[in-house]
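Okay, here's what each chain looks like letter by letter:
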Amino acid sequence: MSVTQDTSKSINLSFLTLIIFVAVVIIWIGFRVLFPNLPTILAGSQPNNLGVTNGELLPCPSTPNCVTSQTEDADHFIKPLTYQGDAKKAIADLKSIINQQERTKIISESDHYLYAQFTTHWMGFVDDVEFYVNEEKEVIDVRSASRLGESDLGVNRQRIETIRQAFQSK
């Protein structure tokens, strides 16, 4: 077999690999466009250990895809939301803000706690976001964590800051 034939087969294999990759991406995008609300294999499983225990939300894992206001760890720390007045109104305002955002679903709520899931548009990753009203301190502690992966490219931190901005303007 000559070098020209080896090179030709290598180029054909590379081209075929590229075509298959592009086809998979097109099929994935088509699926997400046609069925945007269906969970994907990238959604992960809903954690069964979320909620408030002794006034504390679940700590962040060691991965950088989580932020919480209840940590001393600078990489995961984010300021809690502040409010004045009634805790029930604060939760109602948060609920209103979350319901205005795309691809969100409130899973659980009470007078002092709100748990919502945020789903990314194209890939269908799900992030779990919790809010806990601490009436003594007049703050709302937060936790926002990706279910899968290592990095979230700052999405969880940005989400909480966007919610903070909307909450402060209420």
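Quick summary incoming for the structure in this document. (Residues numbered from 1 in each chain as written. Predicted model: local features only at pLDDT ≥ 70, side-chain atom pairs only at ≥ 80, totals over all residues. Heavy atoms only, no water.)

1. A short note on a nonpolar patch on the surface
Together, Phe 15, Leu 18, Ile 19, Phe 21, Val 22, Val 25, Ile 26, Ile 29, Trp 122 and Met 123 make up an exposed nonpolar region whose accessible area comes to about 940 Å². Within the element layout of this structure, Phe 15 appears in helix H1 (residues 3–34). Here Phe 15 falls in the exposed class, since its relative accessible area comes to 52%. (Patch = residues over 30% accessible without salt bridge, like charges linked within 9 Å, V, L, I, M, F, W, Y side chains within 5 Å. Areas by Shrake-Rupley, 256 points an atom, 1.4 Å probe, with all protein chains shown as cover. Salt bridge = Lys/Arg side-chain N within 4 Å of Asp/Glu carboxyl O. Helix = DSSP H or I, 4+ residues; strand = E, 2+ residues; numbered from the N terminus. Buried < 20%, exposed > 50% of the residue type's maximum accessible area, 1.4 Å probe, protein only.)

2. Description of the pairing of strand S5 (residues 126–134)
For S5, the tally of buried residues reaches 9 of 9 residues, placing the bulk of the element in the interior. Neither face of S5 is open: one carries Val 126, Asp 128, Glu 130, Tyr 132 and Asn 134, the other Asp 127, Val 129, Phe 131 and Val 133, and all of them are buried. Note: strand S4 (residues 113–119) against S5, 7 bridges, orientation antiparallel. Bridge assignment links Ala 116 to a residue of S5, and that residue is Val 129. Counted between consecutive antiparallel strands, the loop separating S4 from S5 contains 6 residues, among which Gly 124 sits at a positive phi close to 80°. Here S5 pairs with strand S6 (residues 139–146) via 8 bridges, running antiparallel. Looking across to S6, one finds that Glu 130 is bridged to Arg 143. The hairpin formed by S5 and S6 contains 4 residues between the paired strands, and Glu 138 there has a positive phi angle of roughly 55°. (Pairing = 2+ DSSP bridges.)

3. A short note on the packing of aromatic side chains
Here the distance between the centres and the angle between the planes together describe a pair of aromatic rings. Under the defined criterion, the tally for this structure stands at 0 aromatic pairs. Against the face of Phe 118 rests Arg 159, its NZ or CZ located 4.6 Å from the ring centre. (Phe/Tyr/Trp six-rings, centres within 6.5 Å; stacked < 30°, edge-to-face > 60°. Lys NZ or Arg CZ within 6 Å of the ring centre and 35° of its normal.)

4. As for the pairing of S4
Most of S4 sits inside the fold, with 6 of its 7 residues counted as buried. Note that strand S3 (residues 104–109) and S4 share 5 bridges and pair antiparallel. By the bridge assignment for S4, Lys 105 is matched with Gln 117. In this antiparallel pair of consecutive strands, S3 and S4, the connection spans 3 residues.

5. Regarding the side chain of Glu 130
Locating Glu 130 in the fold gives a position in strand S5. Here Glu 130 occupies a buried position and makes no salt bridge, while the nearest side chain of opposite charge, Arg 143, is found at 4.0 Å. Here the side chain of Glu 130 touches Tyr 113 through a polar contact of 2.4 Å, side chain to side chain. (Lys, Arg positive; Asp, Glu negative; His and termini not counted. Polar contact = N/O pair within 3.5 Å; in protein donor to acceptor, adjacent residues only side chain to side chain.)

6. Description of the nonpolar core
Counting residues in hydrophobic clusters, the biggest one holds 21 residues, and the most contacted among them are Leu 81, Leu 94, Phe 131, Ile 140 and Phe 167. Residue assignment for this core shows that the elements contributing at least two residues are helix H2 (87–99), S4, S5, S6 and helix H3 (155–168). For this core, the element with the highest residue contribution is H2, accounting for 6 residues. Excluding its chain neighbours within four sequence positions, the residues that come into contact with Ile 140 are Pro 80, Leu 81, Tyr 83, Ala 90, Leu 94, Phe 131, Tyr 132, Val 133 and Phe 167. (Core = buried A, V, L, I, M, F, W, Y, C linked by side-chain atoms within 4.5 Å. Contact = heavy atoms within 4.5 Å.)

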